[in-house]
Amino acid sequence: MSQRLNAAPVVPLIAENDPARSVGIADALAKGGLSVIEVVMRSDDAQKGMEAIIAQTDGLIVGAGTVLTLDQAKSVLDSGAQFIVCPGLVDEIVEYCLDQSVPIYPGTMTAGEVQRAYALGLREVKFFPASLAGGVPMLKALSSVFREMRFMPTGGVSAANLGEFLALPSVLACGGSWLTPKEAVAIGDYAQITRLASEAVEIADAAR
C-alpha cells in the first residue's frame, strides 16, 4: 500500500449505495491512475458496494472508511477490506487492526489525539477534517513535534489545494470526495471521474 501511495498519493472516497455504480466509479478512478480506494460506510448498502468492487475489479487496494465501531471493523474486514479509516480515534479499533496487521488510519485533529495514536503504536493517521482543523499550518505545527508521524488529510481537500498539502513531507496522501462528484455519479459520467483522477495524479507528480 505504501508503494501505491508513493506512486499516486491520493485516496478517492466512494459514497454510493448501488453496487454496480460503485464498480463503475472504481473502474473510472483506476483508469485515471488511482488504485487505492476508500469506500465510506455511510449507508446501509455501502458495504455491498465495497464487496462488489473487490469481487469485480483487479489490481485495486480497497478499504473501508467511516468505520465507527469494533464490530463494524470486523465486519468490513470479513468482507475483504484491506485497510480501515475512521473519523476519530478509538483505541479498541486501532488495537484490533494492529493485532490483525491491517493498516488503520484513525482520524485526528489535535496534538492530544496524535500523541494518543503515537502511544498506541501508530505512525500514520488521518487528519480530519483537514480544512476546519487548521489545514497546512496545523499540519506543519504537528509535524514539527511528531516527527515520525505521517498524515492523510481528508475533509476540504480539493484540486485547488491538493498540491499544497502534498508538498509537506509529513503528508502520506490526501483523501477526498471531489474526485467522485455526485452529479457525475448520478448520470453515469465516469469519463469525468477519470479526468478528475488523472488531474489529481498530475498535481501529485508536480508537488512531489
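Refer to the preceding data block for the structure.
Reading guide: rules and limits
- Residues numbered from 1 in each chain as written.
- Predicted model: local features only at pLDDT ≥ 70, side-chain atom pairs only at ≥ 80, totals over all residues.
- Heavy atoms only, no water.
- Helix = DSSP H or I, 4+ residues; strand = E, 2+ residues; numbered from the N terminus.
- Buried < 20%, exposed > 50% of the residue type's maximum accessible area, 1.4 Å probe, protein only.
- Contact = heavy atoms within 4.5 Å.
- Salt bridge = Lys/Arg side-chain N within 4 Å of Asp/Glu carboxyl O.
- Arc of directions from axis to C-beta.
- Pairing = 2+ DSSP bridges.
- Disulfide = S-S within 2.5 Å.

Let's shift gears to the environment of Pro 153. For Pro 153, the location among the structural elements is in strand β8 (residues 150-153). Pro 153 sits in the buried class, given a relative accessible area of 0%. As a C-alpha pair, Pro 153 and Lys 74 span 79 residues in sequence and 25 Å in three-dimensional space. Beyond its immediate sequence surroundings of up to four residues, Pro 153 is in contact with Phe 127, Ala 130, Leu 139, Phe 165, Val 171, Ala 173, Cys 174 and Gly 175.

A few words now on unusual backbone geometry. A cis amide bond links Phe 128 to the next residue, Pro 129, at an omega of -10°. Counting through the fold element by element, Pro 129 comes out in the loop between β7 (124-127) and α7 (135-145). Despite not being glycine, Ser 101 shows a phi value in the positive range, around 60°. As for its placement among the helices and strands, Ser 101 is situated in the loop between α5 (91-99) and β5 (104-105). The exposure class assigned to Ser 101 is exposed, which follows from its relative accessible area of 66%.

With that settled, consider the pattern of salt bridges. When the charged atoms of two side chains with opposite charge come close together, those side chains can pair. For the coordinates displayed, the defined rule picks out three salt bridges. For Asp 45, the salt bridge goes to Lys 48, with nearest N and O atoms at 3.7 Å. Here Asp 45 falls in the partly exposed class, since its relative accessible area comes to 31%. Of the charged contacts in the structure, one is a salt bridge between Arg 116 and Asp 91, with a shortest N-O distance of 2.3 Å. Taken together, the positions of Arg 116 in helix α6 (residues 111-120) and Asp 91 in helix α5 put the pair 25 residues apart, joining distant regions of the chain. In this structure Asp 91 comes out as partly exposed when scored by relative accessible area, which is 26%.

Another point: helix α4 (residues 70-78). Those residues of α4 lying buried are Leu 70, Ala 73, Val 76 and Leu 77. Summarising the axial view, the buried residues of α4 lie within an arc of 125°, below the 170-degree limit, and thus occupy one face. Turned more than 90 degrees off the buried face of α4, the exposed positions are Asp 71 and Asp 78. Residues of α4 that are buried in the fold lie against α3 (46-56), β3 (61-65), β4 (84-85) and α5. The first or second residue beyond α4 is Gly 80, which carries a positive phi of 110°.

Time to look at the sheet that holds β7. Strand order in this open sheet of three strands is β6-β7-β8, and the pairing throughout is parallel. Taken across any chain shown, the strands that pair with only one partner, and hence form the sheet edges, are β6 (107-108) and β8. As defined by bridge partners, β7 adjoins β8 across four bridges and the pair is classed as parallel. Paired with Lys 126 across the bridge in β8 is Met 152.

Here the structure, examined in full by the defined rule, presents zero disulfides. The closest cysteine sulfur to the non-disulfide-bonded Cys 86 is located on Cys 97, 6.8 Å from its own sulfur. According to the relative accessible area criterion, Cys 86 is buried, its value standing at 3%. Judged by its relative accessible area of 0%, Cys 97 falls in the buried class.

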